[in-house]
Each structure stands twice: as C-alpha cells, then as structure tokens.
Amino acid sequence: MRLDYLTIFPDFFAPLELSLPGKAAASGLLEFGVHDLRQWTHDRHRTVDDTPYGGGAGMVMKPEPWGEALAQVVAPGSTVVFTTPSGERFDQRLAEELATREHVVFACGRYEGIDQRVIDHAREVAEVREISLGDYVLNGGEVAALAVTEAVVRLLPGFMGNAASLVEESHAEGGLLEYPVYTKPRTWDGREVPAVLLSGDHGAIARWRREQAVRRTAERRPDLLHPSTLDDGSPIVRAT
Ligand code: 6GU
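Each value, and the rule that gives it
- Residues numbered from 1 in each chain as written.
- Predicted model: local features only at pLDDT ≥ 70, side-chain atom pairs only at ≥ 80, totals over all residues.
- Domains from an automatic or database assignment.
- UniProt positions renumbered as here; feature names shortened; annotations may be inferred.
- Helix = DSSP H or I, 4+ residues; strand = E, 2+ residues; numbered from the N terminus.
- Buried ≥ 20, exposed ≤ 12 C-beta atoms within 10 Å, placed from the backbone.
- Contact = placed C-beta atoms within 7 Å.
- Pairing = 2+ DSSP bridges.
- Axes fitted to C-alpha atoms, helices over the stretch in contact; angles between N-to-C directions.

Domains assigned within the protein chain are domain 1 (2-153) and domain 2 (164-230). Distance between the C-alpha centres of domain 1 and domain 2: 36 Å.

Following this line, the structure appears as structure tokens:
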C-alpha cells in the first residue's frame, strides 16, 4: 500500500517514521510520501489561500496549487481522501474499506476549506472520500489524516503481531465496546482481580466478559446497542 499526504504542514507527518507505521514502511509493506502543497505555488509569497466569494469569515484554499498537486500525485486507481469536518464520519468499517486500497492520497484542508471545484475535479479522476473524525472542529485535516492512517495501516495483513487481538477489540465484530482487562499482580493497591478470571472456567469467563462488554456499551455508547448486536441469545444486561 502507498500513502501520500498533501499538506501545508509536512512536519505534522514526522510521526509516520515512528512506531508501527514506521516499522511497516521499513519492512516494505507500506510506502509513504509527504508533500508540501506550497511546492505547487508560483508566486513570491507561495500563497495557498484567498478570501471567499460571497463573503464571510476566514480564508479558502485556492484551487490552482491543489490542481497541480493532484495531477502529479494521483494515479489511475488512487483513492483521494479529503479530511474535513463536513465529511462522512470515520469508523472501523471505513478503515476496513480503505485498507483494501493500493494507493490513498490524503488531501489535508486548512482554513475554512478547499475550493469546491478541486473536490469536483478529483471525483472525475479518482475515487474521492470526504472524511470527518467526529463532531468537533480541528484547525486542519493533518491530525485527522494521521488518525485515519493508524486505523487503516494496522489492518494490513502482516502488520499486527497478533491477529486475534484485531477480532476481539472494540468496534470489530459484535459492535460492543471491549470488556475490562487485568494482569498481574492479583492484588494491587488493595484492589483484587475479579475472581472469575482466576477460576479457569473458560465458559464462565466468556459469559462474564460479554456481560461486562454489554454493560459498558449500554452506559457509554447506547447508540451501539442495536437489537441485531445482541442476537446471539445472550440476555441483555441493563446498566445500573
Ligand atoms: Cl477531518 N478536519 C477538521 N478540520 N476538523 C475535524 C475533522 C477533520 N474531523 C473532525 N473535526
């Protein structure tokens, strides 16, 4: 998989060299390219923004640098992701979809957004997704592009050491939040590990974990408790 980033703040992407994505790039599973949008400006001030037609607050990113950048970086079969608070909400399903792509180009908007004609043009030459992390406002799309990258890259085959931990975690199959976890020591700061986890009774442990996951989901994310989520015959455990 190849990932390219178009941004006026290339320094935001230094973390790609660290941690898991960095290791995947070193192993050849992943290729990254980070591009300063200002390299496609031609004026002395390297201008990337201008005032909005129709008036209003803030600045809009000019189309010309974006047009040249996309012409150079987008190839047949690319997916272009515009990170924007007015995009579709990013979730695990979308991460799984992006993980199937060979080439994703992240176009990171700043200011009040990118001239709409850039997005309209991109749709004619590539698959385009406009993606938002959630219902809050960031100053720009760079941090969002990093979050999307980490969610996608860890799904690539051969990327994670332990494939089973991908299946059980929150927002994977089942649609429940994860149950609480414990490790040694058995007693810490006067607090005990729940006895069932020490019982060796794997059926009881599985039932306890499921109950905890449902309780936690009901308390924190009742929107996830779709009736179909609970269609495995387990009793619904109400949050208290
Ligand atoms: Cl993708 N961009 C910006 N600027 N703000 C956001 C966002 C993206 N997702 C949530 N808030």
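A few words now on the UniProt feature "binding site: S-adenosyl-L-methionine" (unreviewed entry) in the protein chain. The residues that UniProt annotates with the feature "binding site: S-adenosyl-L-methionine" (unreviewed entry) are G109, L133, G134, D135, Y136, V137 and L138. For L133, the location among the structural elements is in the loop between β7 (127-132) and α5 (142-153). A count of 19 C-beta atoms within 10 Å places L133 in the partly exposed class. Look past the residues within four positions of L133 in its chain and what remains in contact with it is F90, A144 and A147. Looking at where D135 falls in the secondary structure, it is placed in the loop between β7 and α5. Classification of D135 as exposed rests on a count of 7 C-beta atoms within 10 Å.

Our focus in this paragraph is the sheet that holds strand β5 (residues 79-89). The strand order β2-β1-β6-β5-β7 describes an open sheet built from 5 strands, whose pairing is parallel. Looking along the sheet, the strands with just one partner apiece sit at the ends: β2 (31-36) and β7. Averaged over neighbouring strand pairs, the angle between their axes works out to 25° when direction is ignored. Direction of pairing for β5 relative to β7: parallel, over a ladder of 7 bridges. The residue bridging V80 from the neighbouring strand is V128, located in β7. Where helix α4 (residues 116-125) meets the sheet, it contacts β5 and β7, and its direction lies at approximately 135° from that of β7.

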